[in-house]
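Structural features, examined
This is what each chain is made of:
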Amino acid sequence: GLNAANGMKDRPPGVAAYQIKDVAVLGVGLMGSGIAYCAAQAGYGVFLLEADQDALEKGKEAITRRVRGAVERNRMSAETAEALLSRLKPTTDYGDIAGVDMVFEAVSEVRSIKEAVTAAASNSVRPDVPIGSNTSTMPITQLAQSAGKPERFIGLHFFAPVDRMKLVEVIKGEQTDDTTLARALDFIAGIRKTPIVVNDGVGFYTSRVVATYSGEAFTLLAEGVSPALIDDVALKAGMPIGPMTMADATSLTLLKDIVASITGDGSATAYQGMRMTEALDRLTDAGRTGKAGGGGIYDYDETGQHDWPELAEYFPPVREELGRDVIERRLLHPQALEAVRAIEEGVIEDAIDADVGAVLGWAFPAAYGGVIGYIETIGLARFVAECDELRDRFGGRYEVPALLRGMADRDEHFFWD
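What comes next concerns the included structure. (Residues numbered from 1 in each chain as written. Predicted model: local features only at pLDDT ≥ 70, side-chain atom pairs only at ≥ 80, totals over all residues. Heavy atoms only, no water.)

Looking only at helices and strands, one finds 18 helices and 10 strands in the chain. Over its C-alpha atoms the chain spans a radius of gyration of 22 Å, differing by no more than 12% from the 22 Å that the globule rule assigns to 417 residues. Along the first, second and third principal axes, the C-alpha set of the chain runs to 65 × 55 × 40 Å. Evaluated residue by residue, the chain yields a buried proportion of 54% over its 417 residues. When contacts within the chain are restricted to residue pairs at least 6 apart in sequence, long-range pairs at least 24 apart make up 73% of them. Accessible area for the chain stands at about 17800 Å²; split by element, carbon and sulfur atoms hold 50% of it. Here the chain carries 41 positive and 62 negative side-chain charges, and the mean point of each set is 4 Å from the other. (Helix = DSSP H or I, 4+ residues; strand = E, 2+ residues; numbered from the N terminus. Rg over C-alpha atoms; globule rule 2.2 N^0.38 Å. Buried < 20%, exposed > 50% of the residue type's maximum accessible area, 1.4 Å probe, protein only. Contact = heavy atoms within 4.5 Å. Areas by Shrake-Rupley, 256 points an atom, 1.4 Å probe, with all protein chains shown as cover. Lys, Arg positive; Asp, Glu negative; His and termini not counted. Charge placed at Lys NZ, Arg CZ, Asp CG, Glu CD.)

The subject of this paragraph is helix α5 (residues 111-124). Residues spaced three or four apart along an α-helix point in a common direction, a consequence of the helix completing one turn every 3.6 residues. Taking 1.5 Å per residue, 14 residues should reach 20 Å; α5 reaches 20 Å between its end C-alpha atoms and fits that length. Where α5 is concerned, the buried positions are Lys 114, Val 117, Thr 118, Ala 121 and Ser 122. Buried residues of α5, seen end-on, are gathered within an arc of 140 degrees and therefore sit on one face of the element. Among the exposed residues of α5, those oriented more than 90 degrees off its buried face are Ser 112 and Asn 123. The inward-facing, buried residues of α5 abut β1 (22-26), β4 (102-105), β5 (131-133), α6 (140-143) and β6 (153-158). (Expected span 1.5 Å × (residues − 1). Arc of directions from axis to C-beta.)

Looking at the secondary structure, you find Val 209 in helix α8 (residues 206-222). A C-alpha to C-alpha distance of 19 Å links Val 209 and Asp 248, two positions 39 residues apart in sequence. For Val 209, the contacting residues outside a window of four places in its chain are Gln 335, Glu 338, Ala 339 and Trp 362.

Mapped onto the fold, Ala 160 is located in the loop between β6 and β7 (167-172). The partly exposed category is assigned to Ala 160, whose relative accessible area is 43%. Sequence separation of Ala 160 and Arg 288 is 128 residues, and the distance between their C-alpha atoms is 24 Å. Excluding residues within four positions of it along the chain, Ala 160 makes contact with Leu 30, Met 31 and Met 165.

See below:
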């Protein structure tokens, strides 16, 4: 799967290779500075554009620290570091980016701000220059309207930390043209990352699947299952970090915003009977915001993570513990179901992309090869039967998509050897 993705299987044929010399990054916060670092490392000139001098200094400083760190750890020579930093061109003036070959918008996830910087950039650069938006949830087709020519607008969802994460989720808006897609893929190849190409939709692919995983973990918490048990089962299943620990690290307040933007009114099949909003409200109302705020689902001090003694007052423990096997199914099955829904809806055109995105995007246990590989490992008929059982016990979010039920009935497979 990886070889196919790296081999640019989704690059439209007939579009000439794109020669990229300079790029512009709008907004140099956490994500923007990471994109700029990767672009400069690949040898491109990088204009860093910020609203004011202060933000610009901060962004450049973050990149400089990262480069110095690489030199100290002997990952980069002093000469390479100097060359990399010399490619950065900080500015607050859109006039300076007139000659760039690509634009990356990485400002905060506020639609009006994204639209304003996209419009300003569109007016400054050549009409055929691709404008890529780094967003994890905002529909690309809508944002594209502020680009003057929507066909040159594309979603490029990078993952944090950008310099270490290999995946880029490329989102085609309804009007994104082949030239723009090909050029975006040429850039991703240039910075040596692996793309998956998906169609526009709420939460695209990765964010919506991860939402079902976090959602189930919080539902278990709301039911009174201990967070330490939830995390331990996830770790033993092969996830790199437990979902409760991850939530605290992300920040519970931020998670609330993300959940709201993805789940909407909660009517979609994936969220039926899910108690994530309820659990997050209970925690944040109690003043628990996560690790950075001193405590969330767990307590934190200089010696590390500890159980929060008052948790039981907010989430009374269950009398009868669920079996570990049931908890594991509840954490993994929804991810696979949601990936199948994305395939059924045409958000994902190729099951390989679903698996590459799962392993590289949120570190789904690689032993299965990904979320679809997970279904194939269990066997389609058995997976469907297990989901039906979970649906009867825990709610409609385990409803099996017609696509999968039909495949199981006909003994078909996603991957034929």
